[in-house]
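Secondary and tertiary structure notes
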Amino acid sequence: MDNKKIDQLLLELFSNKNSFREFYECTHTHIFAYIMSVIKNYDNSRDVMQEVYIKIYQASQNYHSMSKPLAWIYTIARNECYMYLRKRVYMDEYVDNVLLPKQIDKDTRMILEELFNLLNKREREVIIMHSLWGFKHYEIAKLLDISISTSLSCYHRGMKKMKKEMEIEI
């Protein structure tokens, strides 16, 4: 992809419909590949890509020429991917803000829900994302827009609270 060509197309995007078509043809393969690498689902990636191009089109009226326009485009794509993932996390079958895998039996589910009630919202999110869903702390940090050290401290603090409670009950 030619940075100068993309930069020029972005400058003309809002005022010239042909520019948008040409811009899309030049960039859609790379943008979709990036989105797919984050979302990991074809249909959902197509939806996110559509949102990305809408955001690019809307933002193009304020776009100023730059030497690396792809960095600007990838930033928009990254933000849309994370917004999608955040929405998906919060929309997935929450039961009192706790999403537990379906294969957990009733007793275990009740114990976990009781333990999760001891935690604040951030600790609960980090522990669920890391322990139950298998996210790495750097992924959690990106999704929740926090630092990696915050993710780690929330995890350890929350686990400590739950372990302390389990010792009392046993």
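What you see is a predicted model; the values in this text were computed from it and never measured. (Residues numbered from 1 in each chain as written. Predicted model: local features only at pLDDT ≥ 70, side-chain atom pairs only at ≥ 80, totals over all residues. Heavy atoms only, no water.)

Here the focus is the side chain of Ser 60. In this fold, Ser 60 is placed in the loop between α3 (42-59) and α4 (69-91). Here Ser 60 falls in the buried class, since its relative accessible area comes to 4%. Looking at Ser 60, its side chain comes within polar contact range of the main-chain oxygen of Tyr 57, at 2.7 Å. Once residues within four sequence positions are removed from consideration, Ser 60 is found in contact with Leu 10, Leu 13, Phe 14 and Trp 72. (Helix = DSSP H or I, 4+ residues; strand = E, 2+ residues; numbered from the N terminus. Buried < 20%, exposed > 50% of the residue type's maximum accessible area, 1.4 Å probe, protein only. Polar contact = N/O pair within 3.5 Å; in protein donor to acceptor, adjacent residues only side chain to side chain. Contact = heavy atoms within 4.5 Å.)

Let's shift gears to the packing of aromatic side chains. Scanning the entire structure with this criterion turns up seven aromatic pairs. Ring geometry for Tyr 24 against Tyr 53: centres 5.0 Å apart, planes inclined by 65°, an arrangement best described as edge-to-face. Note that Tyr 24 is positioned in helix α2 (residues 17-39) and Tyr 53 in helix α3, a separation of 29 residues in sequence. Accessibility expressed as a relative area gives 5% for Tyr 53, which makes it buried. Following the ring pairs from residue to residue traces out a cluster consisting of Phe 20, Phe 23, Tyr 24, Tyr 53 and Tyr 57. Above the face of the Phe 32 ring, Arg 46 is positioned so that its terminal group lies 6.0 Å from the ring centre. (Phe/Tyr/Trp six-rings, centres within 6.5 Å; stacked < 30°, edge-to-face > 60°. Lys NZ or Arg CZ within 6 Å of the ring centre and 35° of its normal.)

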